[in-house]
Amino acid sequence: MSTTSITRRPTRVSRSAQPGARRAAGRPRGAWSRRAPLLPALVFMIVVTQLPFVGTLVISFMRWNALDPGNRGFGGLTNYTAAFEDPALRSSIETTVLLTAAVVLVSLLLGLVLALLLDRRFRGRGIVRTMLITPFLVVPAASALLWKHAIYNASYGLLNGTLTWLWSLFGSAHAPQPDWLSTTPLLAVEASLIWQWTPFMMLILLAGLQSRPTDVVEAARVDGASTWQVFRYLTFPHLRRYLELASLLGSIYVVQNFDAVFTLTSGGLGTANLPYTVYQTFYQGHDYGQASAEGVLVVICTILLATFALRTVSSLFREES
Amino acid sequence: MTTAAMTTPASARRNSALLGLAAWLCGVLFFLPFAWMVLTSLHSESAAATNPPSLGAGLTLQGYREFFGAGTGVSPWPPLINSLTASVASTLLVLLLAVPAAYALSIRPVRKWTDVMFFFLSTKMLPAVAGLLPIYLIAQNAGLLDNIWLLIILYTSMNLPIAVWMMRSFLAEVPKEILEAASIDGAGLATVLVRIVAPVAMPGIAATALISFIFSWNELLFARVLTGVVAGTAPVFLTGFVTSQGLFLAKVCAAAVCISVPVLVAGFAAQDKLVQGLSLGAVK
């Protein structure tokens, strides 16, 4: 349902597509033999991802609470009005926007710095690259537990332990020992996600840097361009599409984040984002109708984002073909 | 980026060394939390929970022994095997569906193949949580709750769009001229697939499989809602590992390390193709 509006956009692309596509037209028998290998995957995706969403849409207009099974029926827009009037949902929309924007922007910036540092020859570059990728390869649930217990813990976490050690160097026994997860909960969730997503951004931007035509850079150097000028007028314009791609793909993954919020704070202290709130309404509140309405709202928010994402991907895609 | 040509060689060399040092520093800083996790997992519980941290404390495998059930008798193997089953089976299913689909989108493309590509991609943007409830209700009625097959199907749908995009970008690298020459020479479909397509596509298939495996292994939301004691996966087991009483830091770190090992291995194996996969084939 949601996807039809998205998929309509790139039809323009297909006309200018590969010559192979033109050859496919016309012959009905040949067309079906071409389609056959595609069909299983297509049917599978429609059944497993589109039909459930239609179900969500239907249930979102129903009165349906699992704890009150007798009172089930058509509820009109009540779930939506309830969802909009619910301050918890409004704050979770706000949290989602803040969390996604902060994580994507900071990790994009850090990723850019790291990519620029790695796009040079130096001793041990392979080792540094491997070390930088590692955070992305820790199971997200494990990473969230690591941050919660081994790093943020107020009495024996690494952060406060380091503070104690630093203060003791100066002979003080009274190092500040903040309880990170309760004083700065959202920041704590963001930091752990930034740690995880910076390598992703770095990898994409590094690939972008390495695909930069070197002869133009060399020519600019010979003409006396400074490092900053080369970056500003050559590297950055070339990187722009990679920056867009990295931030949009990152947003799609981070908007849907559940593991970090669930594990680090259990959605408490204003850190509940939309996926967590839907999970909570459904899993703990058992209000199926309202959970579905919230789910539909999540999808509407994502479509806005996804439209931009698809446009970016399709521009890269067009260039390739 | 090397330093500008305007600067003198000596200062250029110094700048270059400084930038190299900065790169190392960043690398170490990002690696630090992971290193801390591994170190803590090798400490005793009492040495793990000190303030300031006891870096030089004696190393022990006690945390790992506890993870494998030494203290409680709870074995981690059922959830680990569930994770392995769900990840491997869904990855095989993904390849089975994605490779022919990618063939029909690149080598012998259907009409409007870009529309199909964008349909696959748009399903990836539909948040998983939006379809969760109907899936839960259907599974409940069909008696599929806490069944590993349900996860296998859902993980397949989660990774299939990524795999189709990746495989298409790999198959697009098969030279068209050779394919045409082969069909003029009368080579059958099987010959073309085995002799020409497979050698080019093999590294791509391997990378696709590894990335699909990683995403399935990491998944928490579906596993948490749709499984229980029987089909619970490793990440669910891990989140249930934290106890409210006593010290558990070393034990939890050991568990986190053990559960991350398959992903680390798969990730480093796919390192070169990781970007291409994560960017859905848009970046090479």
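Residues numbered from 1 in each chain as written. Chains lettered and ligands numbered in written order. Predicted model: local features only at pLDDT ≥ 70, side-chain atom pairs only at ≥ 80, totals over all residues.

As a further point, take the overall build of chain A. When helices and strands are tallied, chain A shows 17 helices and two strands. For chain A, the proportion of its 321 residues judged to be buried stands at 44%. Within chain A, contacts between residues at least 6 apart in sequence are counted, and of these 72% link residues at least 24 apart. (Helix = DSSP H or I, 4+ residues; strand = E, 2+ residues; numbered from the N terminus. Buried ≥ 20, exposed ≤ 12 C-beta atoms within 10 Å, placed from the backbone. Contact = placed C-beta atoms within 7 Å.)

Further remarks concern the overall build of chain B. The helix and strand inventory of chain B stands at 13 helices and zero strands. Listing each helix as α and each strand as β along chain B from the N terminus yields α-α-α-α-α-α-α-α-α-α-α-α-α. For chain B, the C-alpha radius of gyration of 24 Å lies well beyond 19 Å, the compact-globule estimate for 284 residues. In terms of overall dimensions, chain B has a C-alpha envelope of 75 × 75 × 35 Å along the principal axes. The buried share of chain B, taken over its 284 residues, is 51%. Of the contacts formed within chain B by residues at least 6 apart in sequence, a portion of 77% connects residues at least 24 apart. (Rg over C-alpha atoms; globule rule 2.2 N^0.38 Å.)

Let's shift gears to unusual backbone geometry. Residue and element names in this part refer to chain B. Even without being glycine, Lys-112 reaches a positive phi, approximately 55 degrees. Within the fold, Lys-112 resides in the loop between α4 (77–106) and α5 (113–125). Judged by the 19 C-beta atoms lying within 10 Å of it, Lys-112 is partly exposed.

Bringing the interface of chain A and chain B into the picture now. Residue-level contacts link 101 residues of chain A with 90 residues of chain B. Considered class by class, the residues forming the side of chain A that touches chain B number 67 nonpolar, 27 polar and seven charged. (Nonpolar A, V, L, I, M, F, W, Y, C, P; charged D, E, K, R; others polar.)

Further remarks concern the nonpolar core. In terms of nonpolar packing, the biggest core is built from 174 residues, with A:Ile204, B:Ala98, B:Leu151 and B:Ala256 touching the most fellow members. Ranked by residue count, the leading element in this core is helix α7 (residues 148–171) of chain B, at 17 residues. With residues near it in sequence (within four places) discarded, A:Ile204 still touches A:Tyr242, A:Leu245, A:Ala246, B:Val275, B:Ser279 and B:Val283. (Core = buried A, V, L, I, M, F, W, Y, C linked by C-beta atoms within 7 Å.)

Glancing now at helix α9 (residues 189–218) of chain B. The terminal C-alpha atoms of α9(B), which comprises 30 residues, lie only 38 Å apart, well short of the 44 Å expected from a rise of 1.5 Å per residue. Of all the bends found along α9(B), the most pronounced is centred on B:Ala198 and spans about 60 degrees, while B:Pro199, a proline, follows it within four residues. (Expected span 1.5 Å × (residues − 1). Bend = angle between axes of the 7 residues up to and from the residue.)

The next point concerns the packing of helix α7 (residues 87–118) of chain A against helix α1 (residues 9–41) of chain B. Viewed as axis vectors pointing N to C, α7(A) and α1(B) meet at an angle of 130 degrees, and their least axial separation amounts to 9 Å. Taken together, α7(A) and α1(B) sit at an angle that is classed as oblique. For the pair α7(A) and α1(B), the sense of crossing is left-handed. In this structure, α7(A) contributes A:Leu114, A:Leu117 and A:Leu118 to the contact, and α1(B) contributes B:Leu19, B:Ala22, B:Ala23 and B:Cys26. Broken down by class, the residue content of the contact of α7(A) with α1(B) amounts to seven nonpolar, no polar and no charged. (Axes fitted to C-alpha atoms, helices over the stretch in contact; angles between N-to-C directions. Parallel < 35°, antiparallel > 145°, perpendicular 65-115°, else oblique. Left-handed = near helix turned anticlockwise from the far one by under 90°.)

Residues and elements named next belong to chain B. Axis separation between α4 and α9 bottoms out at 9 Å; the angle between their running directions is 140 degrees. The angle between the axes of α4 and α9 places the two elements in the oblique class. Every pair of crossing elements has a handedness; the one defined by α4 and α9 is right-handed. Judged by residue contacts, Ser-83, Ala-86, Ser-87, Ser-90, Thr-91, Val-94, Leu-95, Ala-98 and Val-99 of α4 engage Ile-205, Thr-208, Ala-209, Ser-212, Phe-213, Ser-216 and Trp-217 from α9. Its residues placed into classes, the contact of α4 with α9 shows nine nonpolar, seven polar and no charged.

On to α5(B). Residues and elements named next belong to chain B. With 13 residues, α5 should cover 18 Å at 1.5 Å per step; its first-to-last C-alpha distance of 19 Å lies within 8% of that length. The buried fraction of α5 amounts to twelve of the 13 residues, a majority that puts the element mostly inside the structure. For α5, the complete set of buried residues consists of Trp-113, Thr-114, Val-116, Met-117, Phe-118, Phe-119, Phe-120, Leu-121, Ser-122, Thr-123, Lys-124 and Met-125.

This part covers the domain arrangement of chain B. Residue and element names in this part refer to chain B. The domains assigned to chain B are domain 1 (9–67) and domain 2 (77–278). Here domain 1 and domain 2 have C-alpha centroids that lie 32 Å from each other. Domain 1 puts 15 residues into the contact, and the matching count from domain 2 is ten residues. Contributions of two or more residues to the side of domain 1 that touches domain 2 are made by α1, α2 (45–48) and α3 (62–67). The dominant element in the side of domain 1 that touches domain 2, judged by the number of residues it contributes, is α3, at five residues. For the side of domain 1 that touches domain 2, the per-class residue count stands at six nonpolar, seven polar and two charged. (Domains from an automatic or database assignment.)

Residue and element names in this part refer to chain B. One can find Val-174 in the loop between α7 and α8 (176–184). We classify Val-174 as partly exposed; it has 18 C-beta atoms within 10 Å. In this structure, the C-alpha to C-alpha distance between Val-174 and Ile-196, residues 22 residues apart in sequence, is 7.7 Å. Apart from residues no more than four positions distant in its own chain, Val-174 is found in contact with Ile-107, Leu-179, Ile-196, Val-197 and Val-200.

What follows concerns the environment of B:Ile162. All names here are of chain B. In this structure, Ile-162 sits in helix α7. Of the residues examined, Ile-162 has 22 C-beta atoms within 10 Å and is grouped as buried. Each C-alpha atom, one on Ile-162 and one on Phe-120, is 8.1 Å from the other, the two residues being 42 residues apart in sequence. When residues no more than four places from it in sequence are discounted, the contact partners of Ile-162 are Lys-124, Ile-211 and Leu-280.

Within the fold, B:Phe268 resides in helix α12 (residues 249–269). Between the alpha carbons of B:Phe268 and B:Leu210 there is a distance of 9.8 Å; along the sequence they are 58 residues apart.

Residues and elements named next belong to chain B. For chain B, per-residue confidence averages 85 on the pLDDT scale, and 95% of positions sit at 70 or higher. Put simply, helix α13 (residues 271–278) is where chain B has its lowest mean pLDDT, 77, and α4 is where it has its highest, 92. Low pLDDT, under 50, characterises residues 1–5; the stretch is placed with twelve contacts to residues that sit more than four places away or in other chains. Overall fold confidence for the complex sits at a pTM of 0.84, while the interface term, ipTM, reaches 0.86. (pLDDT = per-residue confidence, 0-100.)

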